[in-house]
Amino acid sequence: MSLSGGGSGLLFKGGVERAVSVAEPASRAGVLAVFFVVAYLGRGLPSVLFSIALRHFAVQTAMIGFAAVLSCGAIVSVAVALRDRAPGPGELSAQSARPS
């Protein structure tokens, strides 16, 4: 449990740092406000949705569904991160690799 809490804290800190680094100084407050709203919805909404699911499904079915949704979200996150990653040293970007 403490490992997941520590990981969550590090991810949250990294997200705030990333949001601040990409935001223009004039819009930094707005970017952080949106970040915090999305972050808190991401932390609270799954619990609310799971409790609603428990009213309609058995615990085991709700847990399997919850795990499937989280797994799909993780796969999509990895796919987006790999698609958007910058080329490393010695790699060509997609634009420079195309013949002119």
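What counts and how
- Residues numbered from 1 in each chain as written.
- Predicted model: local features only at pLDDT ≥ 70, side-chain atom pairs only at ≥ 80, totals over all residues.
- Heavy atoms only, no water.
- Helix = DSSP H or I, 4+ residues; strand = E, 2+ residues; numbered from the N terminus.
- Buried < 20%, exposed > 50% of the residue type's maximum accessible area, 1.4 Å probe, protein only.
- Areas by Shrake-Rupley, 256 points an atom, 1.4 Å probe, with all protein chains shown as cover.
- Phe/Tyr/Trp six-rings, centres within 6.5 Å; stacked < 30°, edge-to-face > 60°.
- Patch = residues over 30% accessible without salt bridge, like charges linked within 9 Å, V, L, I, M, F, W, Y side chains within 5 Å.
- Salt bridge = Lys/Arg side-chain N within 4 Å of Asp/Glu carboxyl O.
- Polar contact = N/O pair within 3.5 Å; in protein donor to acceptor, adjacent residues only side chain to side chain.
- Axes fitted to C-alpha atoms, helices over the stretch in contact; angles between N-to-C directions.
- Left-handed = near helix turned anticlockwise from the far one by under 90°.
- Contact = heavy atoms within 4.5 Å.
- Expected span 1.5 Å × (residues − 1).
- Bend = angle between axes of the 7 residues up to and from the residue.

Attention now goes to the overall build of the chain. What the chain contains, in helices and strands, is four helices and zero strands. The secondary structure elements of the chain, listed N-terminal to C-terminal, are α-α-α-α. Out of the 100 residues in the chain, the part that is buried amounts to 7%. Accessible surface for the chain amounts to roughly 8,200 Å². Of this, 70% is attributable to carbon and sulfur atoms.

Moving on, we come to the packing of aromatic side chains. Using the criterion set out here, one finds six aromatic pairs in the structure. With a centroid separation of 5.6 Å and an interplanar angle of 50°, the aromatic rings of F12 and F35 are classed as tilted. You can see F12 sitting in helix α1 (residues 2-22) and its partner F35 sitting in helix α2 (residues 28-56), a full 23 residues away along the chain. Residues F35 and F36 carry aromatic rings whose centres are separated by 5.8 Å and whose planes lie at 80° to one another, so their mutual orientation is edge-to-face. F35 sits in the partly exposed class, given a relative accessible area of 21%. Of the residues examined, F36 reaches a relative accessible area of 29% and is grouped as partly exposed.

What follows is about a nonpolar patch on the surface. A cluster of nonpolar side chains, namely V37, L41, L45, V48, L49 and I52, defines an oily patch on the protein surface of about 520 Å² accessible area. Topologically, I52 is positioned in helix α2. Its relative accessible area of 41% is what places I52 among the partly exposed residues.

Bringing the environment of S8 into the picture now. Within the element layout of this structure, S8 appears in helix α1. There is a polar contact of 3.2 Å between the side chain of S8 and the side chain of R43.

Another point: the packing of α2 against helix α3 (residues 59-84). Relative placement of two packed helices is described by the angle separating their axes and the distance separating the axes. In contact at an axis separation of 9 Å, α2 and α3 are set at 145° when each is read in the N-to-C sense. Of the two possible hands of crossing, α2 and α3 adopt the one that is right-handed. For the pair formed by α2 and α3, the contact residues are P46, F50, A53 and L54 on the first element and V59, A62, M63 and F66 on the second.

Oppositely charged side chains are able to pair whenever their charged atoms sit close together. Scanning the entire structure with this criterion turns up one salt bridge. Linking E17 and K13 is a salt bridge whose minimum nitrogen-to-oxygen distance equals 2.6 Å. Taken together, the residues E17 and K13, both in helix α1 and four residues apart, mark about one turn of the helix.

Here we come to α2. With 29 residues, α2 should reach 42 Å at 1.5 Å per residue; the first-to-last C-alpha distance of 42 Å fits that figure. Taking the largest bend as the criterion, α2 deviates by roughly 30°, centred on G44, and proline P46 comes between one and four positions later. For α2, the full list of buried residues reads L32, A39 and F50. Packed against the buried residues of α2 are α1 and α3.

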